[in-house]
Structures are given as C-alpha cells and as structure tokens.
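Each chain, written out:
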Amino acid sequence: MKKIFTVIIIILILLLCLTWWETPRREVCGEVDRSYSVVLDAGHGGTDGGALGITTGCKEADINLAITLKTKALLESAQVHVVLTRDNEGSLCGEPYSKQRDMQLRARLINDAAPDIVVSVHMNSYPNASVKGAQVFYYPDSEQGEALAGKIQESFVMHADKENKRVIKEGDFFLLRTYAGPSALVECGFLTCPEEERLLLEQEYQDIVAYSIFDGIMRYLMT
Ligand SMILES: [Zn+2]
C-alpha cells in the first residue's frame, strides 16, 4: 500500500514538471511575462505553386514552406509558440483546389489562434529579370503592421543583403486584411531574377532569410 502511495506521489511530481515544461515563459526584468505566439503562413501550396523560378522552374510554394519551417524552429528555440497554416506541400482545402476556400481556411485558422502577430512568407516575381530584393508589406493604415514590417525589412538588410534599398510598402492582401492584430507579408526575393533564384534555393541562404524574419519578429516583440 505504501509502495503504491509512493508511486502515485512520483507520478504527480512528474506531471507537475511536465506542465511546467509545456508552458514556456519569458523572464523580463525579473518578472515572468506571458509567452508570445506567432502564426507563420507559408504562401500557396497544393495545385497553387505560386511563382516559378525563371531558370529551374522551382515552385514558390516549396521555398515558402522550407523558409517557414526554418523560421518556426528559430522562434521555438526562443520559446515563442508557433502555429503554421500549413506544414506540408498540400493546400489547406485539398483537391479540387479552390483559392477562395484555401484562403478562408487560413483566415479561420489565424483568427482561432489569435496570435500576437501573423507573418506570411512568399517569393516575388516580375517581368524584368534584373529586379531583386526582399520587401515586406503591411496592411494599409495599420500602425502595428507597419512597425512589424519595418523591423523585418531592417533585418533583411542587416543579415541577407546590405545593398537592398527596398522599403516597406502597404499591401491590401487578403491575409493581412483578415486579422485585426499586427501582420506582415514578406516577399523574400524574386524567383524571376536568376541570381536570387539560385540563392533562394540554397540551404545556407534559406537559413539567412529565416533568421532575418525571426530577428525582425523578435525585435518587434521586444519593443
Ligand atoms: Zn506568393
């Protein structure tokens, strides 16, 4: 009987420890702050491959996912709770594909998660192959969105490309319109520029891009 009691006590202690580990908290100036949560949205997926690489024909959707997963790992290492709209190549609505349905499901997921911020990850395209550089968009007149986009753009210049002269821009994208909280849409580079396409397909550059997004998010959350 005594043995059973001891086992129960040990199980209870283990459960307590488990609960503590599952609730990551951030120490701020000695105070325990609540944990942050971020929704990362890898654009496109399934039948909708997005923009195509000018040299290799690579799909934007695949690079979006790769960079999103890398960004997620970095955020989680900083105790930020991350929710993804998609974690595989498929769309959210399955087949037959419907862009409208897919976007509605993303919007619902984001609003259900009610995160501190939303970041949507994309690759750009343009008819002129010399056009390049990452650029971050925010919903028109959203002060919080503008601040978030600004931090991410700064991080891209700091870590990915010091020559990048692009500035943040307003963009009436469905995904930004759909959430009242701070959000930004990141165009990580142009798949229609051969040089940038090559970089965006490299693991090392994808790591730098993911770090730029992560760093921008963290600097926004900390201010
Ligand atoms: Zn896109």
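It should be noted that the structure appears before, not after, this text.
The structure displayed is predicted, hence computed values, not measured ones. For every chain, the first residue of the written sequence is number 1, and numbering continues from 1 onward in sequence order. Whole-chain, interface and lining totals are the exception, using all residues; otherwise, since this is a predicted model, local features are given only for residues with pLDDT of at least 70 and side-chain atom pairs are given and counted only at 80 or more.

Novice: I tried to follow the overall build of the protein on my own but got confused; where do I start?
Specialist: Runs of E in the DSSP output that reach at least two residues are strands. Runs of H or I that reach at least four are helices, and both are numbered from the N terminus. Per the secondary structure count, the protein includes seven helices and eight strands. Taking all 223 residues of the protein together, 37% fall into the buried category. Of all intrachain contacts in the protein linking residues separated by at least 6 positions in sequence, the fraction that spans at least 24 positions is 75%. The exposure scheme places C-beta atoms from the backbone and then counts, for each residue, the other C-beta atoms within 10 Å of its own, assigning buried at 20 or more, exposed at 12 or fewer, and partly exposed in between. Whether two residues are in contact is decided by their C-beta atoms, placed from the backbone, lying within 7 Å.

Novice: Could you clarify how one ought to interpret the pairing of strand 5 (residues 117-124) in this entry?
Specialist: Buried residues dominate strand 5, accounting for eight of its eight residues. Where strand 3 (residues 37-42) and strand 5 come together, five bridges link them in parallel fashion. Looking at the pairing, valine 39 lines up with valine 118 of strand 5. When DSSP locates at least two bridges between a pair of strands, those strands are taken to pair. Bridge analysis of strand 5 against strand 8 (residues 183-190) gives six bridges, and the strand direction is parallel. By the bridge assignment for strand 8, asparagine 124 is matched with phenylalanine 190.

Novice: In this structure, what is going on with the packing of helix 4 (residues 143-160) against helix 7 (residues 203-221)? I would like to understand it.
Specialist: The N-to-C vectors of helix 4 and helix 7 enclose an angle of 140°; their axes lie 8 Å apart at closest approach. With respect to each other, helix 4 and helix 7 are oriented oblique. Judged by the twist between their axes, the crossing of helix 4 over helix 7 is right-handed. When helix 4 is examined against helix 7, the residues Ala147, Leu148, Lys151, Ile152, Glu154, Ser155, Phe156, His159 and Ala160 are found in contact with a partner set consisting of Ile208, Val209, Tyr211, Ser212, Ile213, Asp215, Gly216, Ile217, Arg219 and Tyr220. Only Asp, Glu, Lys and Arg are considered charged in this grouping, and only Ala, Val, Leu, Ile, Met, Phe, Trp, Tyr, Cys and Pro are considered nonpolar; every other residue, Gly among them, is considered polar. In terms of residue class, the contact of helix 4 with helix 7 is built from 11 nonpolar, four polar and four charged. Here an axis means a line fitted to C-alpha atoms, over the contact stretch when the element is a helix, while the angle between two N-to-C directions is reported on a 0 to 180 degree scale. In these notes the angle categories are as follows: under 35 degrees is roughly parallel, over 145 is roughly antiparallel, 65 to 115 is roughly perpendicular, and the rest is oblique. Crossings are sorted by hand: turned counterclockwise from the far helix by less than a right angle, the near helix makes the crossing left-handed, and turned clockwise it makes it right-handed.

Novice: Sorry, what's going on with the environment of glutamate 195 here?
Specialist: When you line up the elements, glutamate 195 lands in helix 6 (residues 194-201). Considered as a pair, glutamate 195 and threonine 55 are 140 residues apart in the sequence and their alpha carbons are 9.5 Å apart.

Novice: I keep staring at the sheet that holds strand 4 (residues 81-84) and nothing clicks. Help me out?
Specialist: The pairing of strands in a sheet comes from backbone hydrogen bonds and takes either a parallel or an antiparallel form. Across the sheet, which stays open at both edges, the six strands sit in the order 4-3-5-8-6-7 with mixed pairing between neighbours. Strands with a single pairing partner mark the edges of an open sheet, and in this sheet they are strand 4 and strand 7 (169-170). The sheet contacts of helix 2 (residues 60-77) involve strand 3, strand 4, strand 5 and strand 8, and relative to strand 5 the element is tilted by about 145°. Those strands touched by helix 3 (residues 99-113) are strand 3, strand 4 and strand 5, and its axis lies near 170° from that of strand 3.

Novice: Just to check I follow, could you spell out unusual backbone geometry for this structure?
Specialist: As a rule of thumb, non-glycine residues mostly have phi less than zero, and peptide bonds are mostly trans rather than cis. The omega angle of the peptide bond from glutamate 95 to proline 96 is -5°, so this bond is cis rather than trans. A positive phi angle, close to 70°, is found at glutamine 79, a residue other than glycine. On the secondary structure map, glutamine 79 appears in the loop between helix 2 and strand 4. Classification of glutamine 79 as exposed rests on a count of 12 C-beta atoms within 10 Å. The residue alanine 114 is not glycine, and still its phi comes out positive at about 40°.

Novice: Looking at this structure, I do not really get the nonpolar core. What am I missing?
Specialist: In summary, soluble globular proteins display a tendency toward joint burial of nonpolar side chains. Put simply, a nonpolar core is buried Ala, Val, Leu, Ile, Met, Phe, Trp, Tyr and Cys residues tied into one set by C-beta atoms within 7 Å. Ranked by size, the top nonpolar core spans 45 residues in total, and within it Val38, Val119, Ile152, Ala184, Val186 and Ile217 carry the most contacts. Broken down by secondary-structure element, the contributors of at least two residues to this core are strand 3, helix 2, strand 5, strand 6 (135-138), helix 4, helix 5 (174-177), strand 8 and helix 7. It is helix 7 that provides the largest number of residues to this core, a total of six residues. Once residues lying within four places of it in the same chain are set aside, the contact partners of alanine 184 are Val119, Val136, Phe137, Tyr138, Gly145, Leu148, Ala149 and Ile152.

Novice: What's the story with the packing of helix 2 against helix 7 in this structure? I'm lost.
Specialist: Packed helix pairs are specified by the crossing angle of their axes together with the interaxial distance, meaning the distance between the axes. For the pair helix 2 and helix 7, interaxial distance at closest approach is 8 Å and the crossing angle is 50°. The orientation of helix 2 relative to helix 7 falls into the category oblique. By crossing handedness, the relation of helix 2 to helix 7 is classed as right-handed. The segment helix 2 lies against helix 7, with Ala66, Ile67, Lys70, Thr71, Leu74 and Leu75 engaging Gln206, Asp207, Val209, Ala210, Tyr211, Ile213, Phe214 and Ile217. Residues that form the contact of helix 2 with helix 7 fall into these classes: 10 nonpolar, two polar and two charged.

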